[in-house]
Amino acid sequence: MSTVIDTHIHPALFAPICEDGDRFRFRCNEMNYHLMSPIDLDLLKKQLALADIRCVFLLGEDCSFEKGQAAISNDEIAHLTELEPEMFIGFASVDPRSPDAEEKLRFAFTEQGLAGMALNTAKCRLFPYDERVFRLCEICGEYAKPVIFHSGICLERDAFSRYSRPADFEEVIAAFSGINFCLTHTGWPWVQETAALLIKYPNAFANTALMSFDGPLQLYHKVYKEDMGEFWVEHNLADKLMFGSDSPRIRPVRAKRGLDGLNLRADVMEKICCRNALRFLGKEVLL
Ligand SMILES: [Zn+2]
């Protein structure tokens, strides 16, 4: 297997952004990460290497309208991407409810070098078809940046899945046909809804970052071989799925084993592990 790209990592525990104890506790509380501690980048790289992961998408998380601070800010994402520019691809997040959201997003693209936008509508309690979400997507369109939406149920505190049902993203995906969208977690547990969007819209992608039921080996099988038809991934979704772990909730090497356990054809694995993520970013090759 050549290079693997992990399209779904929350760098909540990455040591270079965990120096402030109060901030670290706030973040873990917000994101429901308990009994976890910061991890050095060297150790992290070794963990990623176990699954041949050479490049990862780092997702910012900003639902700061009420709380006053983002769980993972764009400054923190930008700092990490500066430390490891070949490995980290940073996604900015802004709270669509904040008056300065548009300005912050433009700044993330023009000054902080971030590669796209990550939004969690479940946590911001906004429907995906809200006009404030549309306005931010318009800006992504201006700068030709892809968008990652949390979709399906969200395990974080104060987040509700009525705001992130996969089918409710249809309007925004249809309205911005020039932007690539990723529905994370394959919209679990509404994976058939997600599959339907993937075959209908050329600009719709999904990632495999699944939640914690059983272990990844069992859950990947359940989702991609039982909840979906046995051959849907190979026959219909080979160009639309991207590997993602949802680390730190699931360790990348375990998630990768779940994907390996599907025993997909080598050319399909190559697409899911790497090629689709490059296409999603609008790139031919990594750096
Ligand atoms: Zn996640």
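Here, every reference points to the structure presented above.
The rules behind these values
- Residues numbered from 1 in each chain as written.
- Predicted model: local features only at pLDDT ≥ 70, side-chain atom pairs only at ≥ 80, totals over all residues.
- Heavy atoms only, no water.
- Helix = DSSP H or I, 4+ residues; strand = E, 2+ residues; numbered from the N terminus.
- Rg over C-alpha atoms; globule rule 2.2 N^0.38 Å.
- Buried < 20%, exposed > 50% of the residue type's maximum accessible area, 1.4 Å probe, protein only.
- Areas by Shrake-Rupley, 256 points an atom, 1.4 Å probe, with all protein chains shown as cover.
- Lys, Arg positive; Asp, Glu negative; His and termini not counted.
- Charge placed at Lys NZ, Arg CZ, Asp CG, Glu CD.
- Pairing = 2+ DSSP bridges.
- Contact = heavy atoms within 4.5 Å.
- Axes fitted to C-alpha atoms, helices over the stretch in contact; angles between N-to-C directions.
- Salt bridge = Lys/Arg side-chain N within 4 Å of Asp/Glu carboxyl O.
- 1 Å grid on protein atoms, 1.4 Å probe; cavity = no way out; pocket = protein on both sides within 12 Å on 5 of 7 lines; lining within 4 Å.
- Points joined across faces, edges and corners; volume = space filled by probe spheres on them.
- Nonpolar A, V, L, I, M, F, W, Y, C, P; charged D, E, K, R; others polar.

This part covers the overall build of the protein chain. In terms of regular secondary structure, the protein chain is built from 13 helices and eight strands. In terms of overall dimensions, the protein chain is globule-like: its C-alpha atoms have a radius of gyration of 17 Å, near the 19 Å expected for 287 residues. By principal-axis analysis of the C-alpha atoms, the protein chain measures approximately 45 × 40 × 35 Å. By the burial criterion, 59% of the 287 residues in the protein chain qualify as buried. Surface accessibility of the protein chain: about 12,100 Å² in total, with carbon and sulfur atoms responsible for 49%. Of the charged side chains in the protein chain, 32 are positive and 42 negative; the average position of the first set lies 3 Å away from that of the second.

Here we take up the sheet that holds strand β2 (residues 53-59). In spatial order, the strands read β1-β2-β3-β4-β5-β6-β7-β8; together these eight strands make up an open sheet with parallel pairing. At either end of the open sheet lies a strand with only one pairing partner, and these are β1 (4-9) and β8 (241-242). Here strand β7 (residues 204-207) pairs with β8 via two bridges, running parallel. The residue bridging A206 from the neighbouring strand is L241, located in β8. Across the face of the sheet, helix α4 (residues 74-83) comes into contact with β2 and β3 (88-92) while running at roughly 165° to β3.

Turning our eyes to something else, we now look at unusual backbone geometry. P189 follows W188 through a cis peptide bond whose omega is 5°. In this fold, P189 is placed in the loop between β6 (181-183) and α9 (191-200). The phi dihedral of D158 falls on the positive side, at around 55°, and the residue is not glycine. Following the sequence through the fold, D158 ends up in the loop between β5 (147-149) and α8 (170-175). If you check the backbone angles, N263 has positive phi at about 50° while not being a glycine. Its location among the elements puts N263 in the loop between α12 (252-260) and α13 (266-281). In this structure N263 comes out as exposed when scored by relative accessible area, which is 66%.

Glancing now at the pattern of salt bridges. Enumeration according to the criterion identifies 23 salt bridges in this entry. In this structure, K123 engages E30 in a salt bridge whose closest nitrogen and oxygen atoms are separated by 3.3 Å. Pair noted here: K123 is in helix α6 (residues 121-124) and E30 is in helix α1 (residues 21-31), with a separation of 93 residues, a long-range link. Here K123 matches E30 in class, with each residue buried. For E102, the salt bridge is made with R135, and the minimal N-O distance between the two is 2.8 Å. With a gap of 33 residues between them, E102 in helix α5 (residues 101-110) and R135 in helix α7 (residues 131-142) connect regions that are remote in the sequence.

In the structure shown here, the tally under the stated rule is four cavities of 30 Å³ or more. Roughly 220 Å³ of internal volume is contained in the largest cavity. H10, E61, N120, H150 and E156 are, among the 25 residues lining the largest cavity, the residues nearest its centre. Of all elements in the fold, only β4 (116-119) and β5 reach the threshold of two or more residues within the lining of the largest cavity. Here the lining of the largest cavity is composed, by residue class, of twelve nonpolar, eight polar and five charged. Looking at the second largest cavity, its volume works out to about 60 Å³.

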